[in-house]
Amino acid sequence: MKLTMALPRWFALCAVLTPFLLRGAERPNILFIMTDDHAFHALSCYGSKVNETPGLDRIAREGARFANAFVVNSICTPSRATLLTGKYSHANGSPVFNRFNGAQDHVARRLRDSGYHTGMVGKWHLGSDPTGFDRWIVLPGQGAYNNPAFLTPNGRLTVSGYATDVITDLGIQFLETRPKDKPFFLMLHHKAPHRDWTPDPKNRARFKDKVIPEPPTLFDDYATRPAALPENHQTIARNLTHRDLKMEPPAELKTPAERNKWWGVVPTEVAVTQPDGSVKTLTGKELTRWKYQRYMQDYLACVQGVDDNMTRLLDHLDRTGLSKNTVILYTSDNGFFLGDQGMYDKRFMYEASLRIPLLARWPGVTRPGTVPEGIALNADFAPTFLEIAGLPVPPEIHGRSLVPWLKGAAPADWRTSMYYRYYHDPGHHNTRQHYGVRTRTHKLVHYSKKGAWELFDLTKDPQEQRNLIDDPAQAATVQQLKAELARLRKELGDDDRFANDLPKDDVDGGFADHGQLGERTAAQAIEASVDRKP
């Protein structure tokens, strides 16, 4: 028999036998928690200068904080597809906001087939019904912050409350009602802190009057990076709207259509009441600074809601004894600009967008306070889950298991560079297509449709202000990085299949119509999440 024919059968046999082989040693539960747009520099365990996150810091303190974790395509849907498959966008078929093909092999299917009780709760944003999950209850599209609707295998329902609280409630209900004779794999995905950054009332009040430190590049003039940055539409100064800034429409706007139109407008001046009661009209840099404060106050209040609920969830695991045999991983679907380079949102290969927080706790395995330095990718999550469960990792997966790092080992053959590719051009923010390579010290970015390159020395210029591509002294470095970029593209099989012909954006629809269930409590909602399809 040819080896290529034997391999799939071998993996299938391993999946069948693993539950029996490991019966004597209880397999760990896996709790994967992901937020949407949580910047790595908005966690105090990563040195945040703008907020404190004691709940998340606890995971880092009791487990591991990966120092160099990155995404391979910094937008929502592609990141989620990579998470499930362990593959780059060109291989899993979701390079932009297009519907995920749930019939393909992915980690939840393999875990369920090996005996795990699998669940998906919260933001899905893949446009198709989840597959591979015994229970699923997901937000339609982006979902709502208040009184969110959810889709389940048995119908659409709503749960009253604030989304971060509700999703945590649903996660706890999943844990409470799971089969006790199986290990579980739960993906708990929050909407927060995604735009439009609507906090819960308590944390809105907490951050209302806080003065947030400005990043050093808030007024970046993009002088050495003319290829794509000057034309982007995600700047604090030019693109935040009345709605983003939570401004009240004038009283004379009576109809919803009039108010919605007004909320979509970007203000060029704002009248602000001063401490002495006088009113000052802000323009220019003063207005940009005011916009930054309003944006960050709401953003950080949303993050605080996540952190509050992380504390609640960790306390529940302790109270029920589950923490002893549950591996926890926390991350974000991508990075996020917090005024860095004058921007919000993500997409670009600059550090604020590329980097993600990645925390892990594995009691009895991971030494508390571990800080792995190796380059970790979101493509590594699927193989990590598989190895934790004692399952083989398919050879076609692009990522590698992070388990050695969690066990305190630094593999000698670990990657020393990573490949990134962004496709969604022009997308929602007029962002140009680009791809590139990042090492521990340098970054080379190619804007393929513009024929432009950027080179950064990350050790000397961590803010990525000086594009060195035309510096003759960097010629050898450019040559080396271009060779490494070509090697990675070949290794990963990136054949430019989506470079000129992108799939249509359709993840905000496409779910099967399972009927209407009306308003439900969290407990009732979890009952409706059971997928009875084979």
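Before reading further, recall that the structure is shown in the block above.
Residues numbered from 1 in each chain as written. Predicted model: local features only at pLDDT ≥ 70, side-chain atom pairs only at ≥ 80, totals over all residues. Heavy atoms only, no water.

## As for the overall build of the chain
Looking only at helices and strands, the chain features 15 helices and 18 strands. For a compact globule of 534 residues, the expected C-alpha radius of gyration is about 24 Å, and the chain comes in at 23 Å, within 12% of that figure. Viewed in the frame of its principal axes, the chain has a C-alpha envelope of about 75 × 60 × 45 Å. Burial analysis of the chain (534 residues in total) assigns 59% to the buried set. In the chain, once contacts between residues fewer than 6 apart in sequence are set aside, the share between residues at least 24 apart is 69%. (Helix = DSSP H or I, 4+ residues; strand = E, 2+ residues; numbered from the N terminus. Rg over C-alpha atoms; globule rule 2.2 N^0.38 Å. Buried < 20%, exposed > 50% of the residue type's maximum accessible area, 1.4 Å probe, protein only. Contact = heavy atoms within 4.5 Å.)

## Comments concerning the nonpolar core
Counting residues in hydrophobic clusters, the biggest one holds 111 residues, and the most contacted among them are F66, Y295, Y299 and F385. Ranked by residue count, the leading element in this core is helix α10 (residues 284-320), at 14 residues. The residues contacting F385, other than those within four sequence positions of it, are I30, F32, L83, V107, L111, F185 and L329. Grouped together as the second largest cluster of nonpolar side chains are 40 residues, C76, F97, M418 and L444 included. (Core = buried A, V, L, I, M, F, W, Y, C linked by side-chain atoms within 4.5 Å.)

## Some remarks on the packing of helix α3 (residues 76-85) against helix α12 (residues 381-388)
Interaxial distance between α3 and α12 falls to 5 Å at its minimum, and their mutual angle equals 30 degrees. Regarding the angle of α3 to α12, the classification is roughly parallel. Contact residues: α3 offers L83, L84 and T85, while α12 offers F381, A382 and F385. Here the residues of the contact of α3 with α12 are counted per class, giving five nonpolar, one polar and no charged. (Axes fitted to C-alpha atoms, helices over the stretch in contact; angles between N-to-C directions. Parallel < 35°, antiparallel > 145°, perpendicular 65-115°, else oblique. Nonpolar A, V, L, I, M, F, W, Y, C, P; charged D, E, K, R; others polar.)

## Concerning the pairing of strand β8 (residues 184-189)
Counting buried residues in β8 gives six out of six residues, a clear majority hidden from the surface. Side chains of β8 alternate between two faces, with F184, L186 and L188 and F185, M187 and H189 buried alike. In this sheet, β8 lies alongside strand β1 (residues 29-35) in parallel orientation, the contact comprising five bridges. Each bridged residue has a counterpart across the sheet, and for F32 the counterpart in β8 is M187. (Pairing = 2+ DSSP bridges.)

## Here we look at the packing of aromatic side chains
The tally for this structure, following the rule as stated, stands at 18 aromatic pairs. Seen from their ring centres, F32 and F381 are 5.6 Å apart, and the 55 degrees between their planes marks the pair as tilted. You can see F32 sitting in strand β1 and its partner F381 sitting in helix α12, a full 349 residues away along the chain. Given the relative accessible area of 2%, F381 is considered buried. Judged by centre distance (5.7 Å) and plane angle (5 degrees), the rings of Y299 and F336 are stacked. Of the two residues, Y299 is situated in helix α10 and F336 in the loop between β11 (326-332) and α11 (351-354); the sequence distance between them amounts to 37 residues. What makes F336 buried here is its relative accessible area of 0%. Members of the aromatic cluster, connected to one another through ring pairs, are W197, Y295, Y299, F336 and Y344. (Phe/Tyr/Trp six-rings, centres within 6.5 Å; stacked < 30°, edge-to-face > 60°.)

## So, empty space enclosed by the protein
Across all of its chains, the model carries two cavities of 30 Å³ or more by this definition. In this structure, the largest cavity spans a volume of roughly 60 Å³. What lines the largest cavity is simply L84, T85, K87, D105, H106, V107, R110, A382, L386, P394, E396 and I397. Counting residues per element, the ones that place at least two in the lining of the largest cavity are α3, α5 (107-113) and α12. In the lining of the largest cavity, the residues fall into six nonpolar, two polar and four charged. (1 Å grid on protein atoms, 1.4 Å probe; cavity = no way out; pocket = protein on both sides within 12 Å on 5 of 7 lines; lining within 4 Å. Points joined across faces, edges and corners; volume = space filled by probe spheres on them.)

Purely spatial values, then, with no claim about function.
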